[in-house]
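Summary of the model geometry
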Amino acid sequence: MSSREYYRLTPKSKIQKASNRKTNYGTDTSDGQTSDGERLVSKKRKDRRKLTRLTDVDESQPVKRVAAYCKCEDFDMEELEKASNHLFGDVETVKHFGEVVYIERNDGIIFCFPFGVIVLWAYQEVFELDCLDRMKPFMLQETSEVESDDLNYLVGEVPGIRNDKIIIESVDPIEKLAVSYALAQSIKLGKYEEEVETMIDKTKEIPINLAETGNISLNKSMISKKMGELFVKRSYVNLHTDILDTPDCFWDQDEWESSYTMTRKYLDINKRVEILNSRLDIIKELYDMLNTELQNQHGSKLEWIVIYLIIIEVVIEVVWNIIIKDILKLV
């Protein structure tokens, strides 16, 4: 169970913790269908309490939606940008913020991230899933399931976030990019969490079988492959700078970095990375133990082979020198 905290930015852009909230992020899923019948896996926070009234917010204004989706490892960003008008229609502006493609329509904003995440502002779910379906030709290493999450947002004078509702202070696309970047990183991390969970499910029977039978069901080659797969997952999480580091675009737009940090803290990204690494460490220890045990078994087999060869050599020596030469005198 991970915690969610309410953050509000002061006029000096300092983040202050106002209250605590416990939720079960990542434990509840909401299933839907894309146009091809694929399962939509939405990471929804389970505890959705009523938002405490925030000052400096016009409560009468309509609450809009921001949603993020991930269905592949990467996008072909160059081709995606070229086809943006055809893909999304009614496009008014297309430009770059670093490696992120910003697409503005007359009814909302779309951010396409190179690590396979799309974030859409002010749209309904039907349109979002339709966009995701049309983007398939530009997806690299497409996955069978869709990782998604969504929040509500409205405009106020003091930025804040609580109970899945974000308060933004302007219509500046960089502020929306700051929130989108953290949301996109959270979605990508959620995809890795799902993959590690699957990996754990596949390996949980191995120690049980070893304890019950004393035998290892995997050979050395299979363990080496699984250790390689584990290393790939770990390198994606820890070496993929798009996931862990503050995006480069906020070096030039540092006035909005606090919004990025606020959203990142709300989504518990740092804590989730630590937990994910801890789980990867446990799996690595299991594979290391299995690999060591197989090496010991192999070493034990070699020792017995050497012993058998020595015994055979002694038997041959006895038969040849004592029985054949000395007793039977055949040579």
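Going by the structure above, here's the rest.
Here the structure is a predicted model, which is why all the values come from computation and not from measurement. (Residues numbered from 1 in each chain as written. Predicted model: local features only at pLDDT ≥ 70, side-chain atom pairs only at ≥ 80, totals over all residues. Heavy atoms only, no water.)

A few words on the packing of aromatic side chains. Under the defined criterion, the tally for this structure stands at eight aromatic pairs. Between the aromatic rings of Phe115 and Tyr181, the centroid separation amounts to 6.4 Å while the plane-to-plane angle is 40°, which identifies the pairing as tilted. A residue pair is termed long-range when its members are at least 10 positions apart, and Phe115 in the loop between β8 (108-113) and β9 (117-121) and Tyr181 in helix α4 (residues 173-203) qualify at 66 residues. The exposure classification of Phe115 matches that of Tyr181, with both residues buried. Three or more aromatic residues link up through ring pairs in this structure, and these residues are Phe97, Tyr102 and Phe111. (Phe/Tyr/Trp six-rings, centres within 6.5 Å; stacked < 30°, edge-to-face > 60°. Helix = DSSP H or I, 4+ residues; strand = E, 2+ residues; numbered from the N terminus. Buried < 20%, exposed > 50% of the residue type's maximum accessible area, 1.4 Å probe, protein only.)

A general trend in soluble globular proteins is that nonpolar side chains are found buried together. Counting 54 residues, the largest nonpolar core has Phe111, Phe113, Val117, Val119, Trp121, Leu177 and Tyr181 as the members making the most contacts within it. Of the residues forming this core, the biggest block, 13 residues, is contributed by α4. Aside from chain neighbours lying at most four places away, what touches Val119 is Val66, Ala67, Ala68, Ile109, Ile110, Phe111, Phe113, Ser180, Leu183 and Ala184. The next biggest cluster of nonpolar side chains, apart from the first, holds 24 residues, and it includes Val101, Leu120, Leu129 and Met135. (Core = buried A, V, L, I, M, F, W, Y, C linked by side-chain atoms within 4.5 Å. Contact = heavy atoms within 4.5 Å.)

Along the polypeptide, Pro137 turns up in the loop between α3 (125-134) and β10 (139-155). According to the relative accessible area criterion, Pro137 is exposed, its value standing at 64%. For the pair formed by Pro137 and Glu79, sequence separation is 58 residues and the distance between their alpha carbons is 9.4 Å.

Helical geometry note: an α-helix holds 3.6 residues per turn, so side chains three or four residues apart project in the same direction. Among the residues of α3, those classed as buried are Glu128, Leu129, Cys131 and Leu132. The buried residues of α3 occupy an angular sector of 155° when the element is viewed end-on, so they sit on one face. (Arc of directions from axis to C-beta.)

Within β9, five of the five residues are buried, leaving the element largely enclosed by the surrounding structure. In β9, alternate side chains face the same way, and those of Val117, Val119 and Trp121 on one face and Ile118 and Leu120 on the other are all buried. Bridging between strand β5 (residues 64-75) and β9 involves five bridges; their strand directions are antiparallel. The partner of Ala67 across the bridge, within β9, is Leu120. By the bridge criterion, five bridges tie β8 to β9 in an arrangement that is antiparallel. (Pairing = 2+ DSSP bridges.)

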